[in-house]
Amino acid sequence: MKIKVIKCLTDNYSYIIFDEKTSFAAVVDPSEADPIINQIEQNNLVLKYILNTHHHYDHVGGNKKLKEKYNCKVIGFEKDKHRIPDIDISLKDNEKSKNELFEFEVRHIPGHTSGHICIYIKQLNALFTGDTLFSLGCGRIFEGTYKEMYDSLNVIKKFPQYTKIYCGHEYTKKNSDFCLTIDKKNPNLIQKIDEIKRNLKNGTPTVPSTLHDELKCNIFLRSDNADIQKQLGINSGNPIETFTKLRDLKDNF
Ligand code: ZN
Ligand code: FE
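Residues numbered from 1 in each chain as written. Chains lettered and ligands numbered in written order. Predicted model: local features only at pLDDT ≥ 70, side-chain atom pairs only at ≥ 80, totals over all residues. Heavy atoms only, no water.

A. The arrangement of the coordination of the iron ion (ligand 2) in detail. Donor atoms from the polypeptide that bind the iron ion (ligand 2) are Asp58 (OD), His59 (NE2), Asp131 (OD) and His169 (NE2), placed at 2.1 to 2.3 Å. Geometry at the iron ion (ligand 2) is irregular, judged from its 4 donor atoms and the angles of 84 to 167° they form at the metal. If you list the donors of the iron ion (ligand 2) from N- to C-terminus, the spacing comes out as D-H-x71-D-x37-H. Separating the iron ion (ligand 2) from the zinc ion (ligand 1) is a gap of 3.3 Å, bridged by aspartate 131, which donates to each. Residue histidine 59 is located in helix H2 (residues 57-60), and its partner aspartate 131 is located in the loop between strand E10 (126-130) and strand E11 (133-134); the two are separated by 72 residues in the primary sequence. An identical accessibility class is assigned to histidine 59 and aspartate 131; each is buried. (Donors = N, O, S within 2.8 Å, 3.2 Å for Na, K, Ca; no water. Tetrahedral: all angles 85-135°; square planar, octahedral: opposite > 155°, others 65-115°. Helix = DSSP H or I, 4+ residues; strand = E, 2+ residues; numbered from the N terminus. Buried < 20%, exposed > 50% of the residue type's maximum accessible area, 1.4 Å probe, protein only.)

What follows is the structure in structure tokens.
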């Protein structure tokens, strides 16, 4: 089983998961159909499933055309079934599901949208985080509270450390610039940024990251860190207050 990173639109990532033996494939968050169709055709794959992390157009834009062409099944969150185009299979929070390709589970992680989920495939050590956790950043809060987003990031934090993080956008460089404004003495961050720069220079995606790296470098997962709180002038020690301040600063960065 392999995961292929597909660049879509301007800075989106979709992911094709495929089994080399059976040629069965699934796609996570097809922003648009054409780049997915190209890969499916080039590699003679059989597209069986579309998995959506949330309803935004840049994550579901390819659903309709792909389903029409391949008759694949669309999988998404139960409470978002009214706005995930062409959904066939709706899953609940914490629900596990098994198909011809893999077993996976979903977690409800609201904040960016009220129906956002992440998708975990244990056998691939892979977590698809959509627009909730990015490498060195997190998503904007459109339909939730700061507390909800904070709690959702904590759900992600509890996956095994070496889980690979496949996120929805290539925002890593801009995110790293923001992290540096507050956390510039973090040696792990500095090392991670070197790696990011090397990848981007070679035209290589900065994904997947690992949860291990994100825990050490992503400022939004470090709002309980005393140095970061001090840097932001937060005296209460309250991580949600710290997270709120970080998110507001990033919105205007
Ligand atoms: Zn989104
Ligand atoms: Fe997005």
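Past the structure itself, the notes keep going.
B. Inspection of the packing of helix H4 (residues 146-157) against helix H9 (residues 239-251) at higher detail. Look at H4 against H9: their axes get within 10 Å of each other, and the N-to-C directions meet at 105°. Classed by the angle they form, the pair H4 and H9 counts as roughly perpendicular. In this structure, H4 contributes Tyr146, Lys147, Met149, Tyr150 and Leu153 to the contact, and H9 contributes Pro239, Ile240, Phe243, Thr244, Arg247 and Asp248. Taken together, the residues that form the contact of H4 with H9 break down as 7 nonpolar, 1 polar and 3 charged. (Axes fitted to C-alpha atoms, helices over the stretch in contact; angles between N-to-C directions. Parallel < 35°, antiparallel > 145°, perpendicular 65-115°, else oblique. Contact = heavy atoms within 4.5 Å. Nonpolar A, V, L, I, M, F, W, Y, C, P; charged D, E, K, R; others polar.)

C. Local environment of the state of the cysteines. Following the criterion strictly, the structure yields 0 disulfides and no others. Left unpaired, cysteine 72 is separated from the closest cysteine sulfur, that of cysteine 8, by 14 Å. The exposure class of cysteine 72 is buried, given its relative accessible area of 1%. Cysteine 167 provides the cysteine sulfur closest to cysteine 118, a residue in no disulfide bond, and the two sulfurs are 13 Å apart. With relative accessibility at 0%, the residue cysteine 118 sits in the buried group. (Disulfide = S-S within 2.5 Å.)

D. Up close: the nonpolar core. Counting 29 residues, the largest nonpolar core has Ile219 and Phe220 as its most contacted members. Each residue touching phenylalanine 220, except ones within four places of it in the same chain, is listed here: Leu136, Gly137, Cys138, Leu153, Phe178, Phe243, Leu246, Arg247 and Lys250. Listed in part, the 24 residues of the second largest apolar core include Tyr15, Phe77, Leu124 and Phe128. (Core = buried A, V, L, I, M, F, W, Y, C linked by side-chain atoms within 4.5 Å.)

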